[in-house]
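Reading the structure
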Amino acid sequence: MKSTLVLGGARSGKSRRAQALVEAAAAQRIYLATAQAFDEEMRERIARHQGERDGSWQTVDTPLELVSTLQDLKDSQRAVLVDCLTLWLSNLMLGGRDVAAETAGLCAAIGEMKTPVCLVSNEVGMGLVPETPLGRAFRDEQGRLNQRVAEVVDRVEFVAAGLPLVLKG
């Protein structure tokens, strides 16, 4: 595994699939967490994800600075799991960041990685059209982000019902 994007819907098994890919790639791993625990439900989700990883994982919280974190890890001997691009995008948009520039930076950083990297992202464009302008803007930005990342990674998998389907690679 060099670079892989794992896409899927909510509760599709995409994070579990990505974790298995990274665990197969290297004995030592880094988990780049983009989630922020703003409420109890999110704290529980984060705790559940943490409980699914053993001591071979180092966790780095990077809700906004994903690009610089990846740049710092490009020569690491440990495989990297980014979970997830969807929350990172949400953080960028709510923080008023330049999404296009951050996406370009992310794609460049992925290309510079000398260690295996796996990125998780939601496929949000297959459902209903969001009701609000912010929801529609998010859906559109997520689609563009997924397309750009898919262009630069070596492999893309789509997970549905826990089953991976190879789209690229």
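Below or above, wherever it landed, is the structure these notes cover. Because the structure is a prediction, the values reported are computed rather than measured. (Residues numbered from 1 in each chain as written. Predicted model: local features only at pLDDT ≥ 70, side-chain atom pairs only at ≥ 80, totals over all residues. Heavy atoms only, no water.)

Some words on the packing of helix 4 (residues 85-94) against helix 5 (residues 99-112)
- One can describe the packing of helix 4 onto helix 5 by two numbers: an axis separation of 10 Å at closest approach and a directional angle of 145°. For the pair helix 4 and helix 5, the sense of crossing is right-handed. Where helix 4 approaches helix 5, its residues Leu-85, Trp-88, Leu-89, Leu-92 and Met-93 are matched on the opposing element by Val-99, Glu-102, Thr-103 and Leu-106.
- Tallied by class, the residues present in the contact of helix 4 with helix 5 amount to seven nonpolar, one polar and one charged. (Axes fitted to C-alpha atoms, helices over the stretch in contact; angles between N-to-C directions. Helix = DSSP H or I, 4+ residues; strand = E, 2+ residues; numbered from the N terminus. Left-handed = near helix turned anticlockwise from the far one by under 90°. Contact = heavy atoms within 4.5 Å. Nonpolar A, V, L, I, M, F, W, Y, C, P; charged D, E, K, R; others polar.)

Some points on the environment of Leu-5
- Along the chain, Leu-5 turns up in strand 1 (residues 3-8).
- Setting aside chain neighbours within four positions, we find Leu-5 in contact with Leu-85, Leu-119, Ser-121, Asn-146, Val-149, Ala-150, Val-153, Arg-155, Val-156 and Glu-157.

Comments concerning helix 1 (residues 14-25)
- Counted at 1.5 Å a residue, the expected span for helix 1 with its 12 residues is 16 Å, and the 17 Å between its end C-alpha atoms agrees.
- Within the span of helix 1, buried status applies to Lys-14, Ser-15, Ala-18, Gln-19, Leu-21 and Val-22. Down the axis of helix 1, the buried set is contained in an arc of 160°. They therefore lie on one face. Seen from the buried face of helix 1, the exposed residues on the opposite side, beyond 90 degrees, are Arg-16 and Ala-24. (Expected span 1.5 Å × (residues − 1). Buried < 20%, exposed > 50% of the residue type's maximum accessible area, 1.4 Å probe, protein only. Arc of directions from axis to C-beta.)

Some details on unusual backbone geometry
- Looking along the chain, the bond that leaves Asp-83 and enters Cys-84 is cis, with omega of 0°.
- With respect to the element layout, Cys-84 can be found in the loop between strand 4 (79-83) and helix 4.
- Its identity as a non-glycine residue notwithstanding, Arg-11 has a phi of 60°, on the positive side.
- Turning to its location among the elements, Arg-11 is positioned in the loop between strand 1 and helix 1.
- By relative accessible area, which is 60% here, Arg-11 ends up exposed.
- Although it is not a glycine, Ala-161 adopts a positive phi angle of roughly 55°.
- Checked against the element boundaries, Ala-161 lands in the loop between strand 6 (155-160) and strand 7 (163-168).

Side note on the environment of Asp-75
- The residue Asp-75 is located in the loop between helix 3 (66-73) and strand 4 in this model.
- Residue classification places Asp-75 among the partly exposed residues on the basis of a relative accessible area of 47%.
- Each C-alpha atom, one on Asp-75 and one on Gly-51, is 27 Å from the other, the two residues being 24 residues apart in sequence.
- Looking at Asp-75, its side chain comes within polar contact range of the side chain of Lys-114, at 3.1 Å. (Polar contact = N/O pair within 3.5 Å; in protein donor to acceptor, adjacent residues only side chain to side chain.)

Description of the pattern of salt bridges
- In total, this model carries 11 salt bridges according to the counting rule given.
- One salt bridge connects Arg-17 with Glu-157, and the closest N-O pair in it is separated by 2.7 Å. In this pair, Arg-17 sits in helix 1 while Glu-157 sits in strand 6, placing the two residues 140 residues apart along the sequence.
- Overall, Arg-17 belongs to the partly exposed group, its relative accessible area being 25%.
- A salt bridge links Asp-75 to Lys-114; the nearest nitrogen and oxygen atoms lie 3.1 Å apart. Highlighted residues: Asp-75 in the loop between helix 3 and strand 4 and Lys-114 in the loop between helix 5 and strand 5 (117-122), separated in sequence by 39 residues.
- Sharing partners across several salt bridges, the network here consists of Arg-17, Arg-155 and Glu-157. (Salt bridge = Lys/Arg side-chain N within 4 Å of Asp/Glu carboxyl O.)

Purely geometric stuff here, so don't read any function into it on its own.
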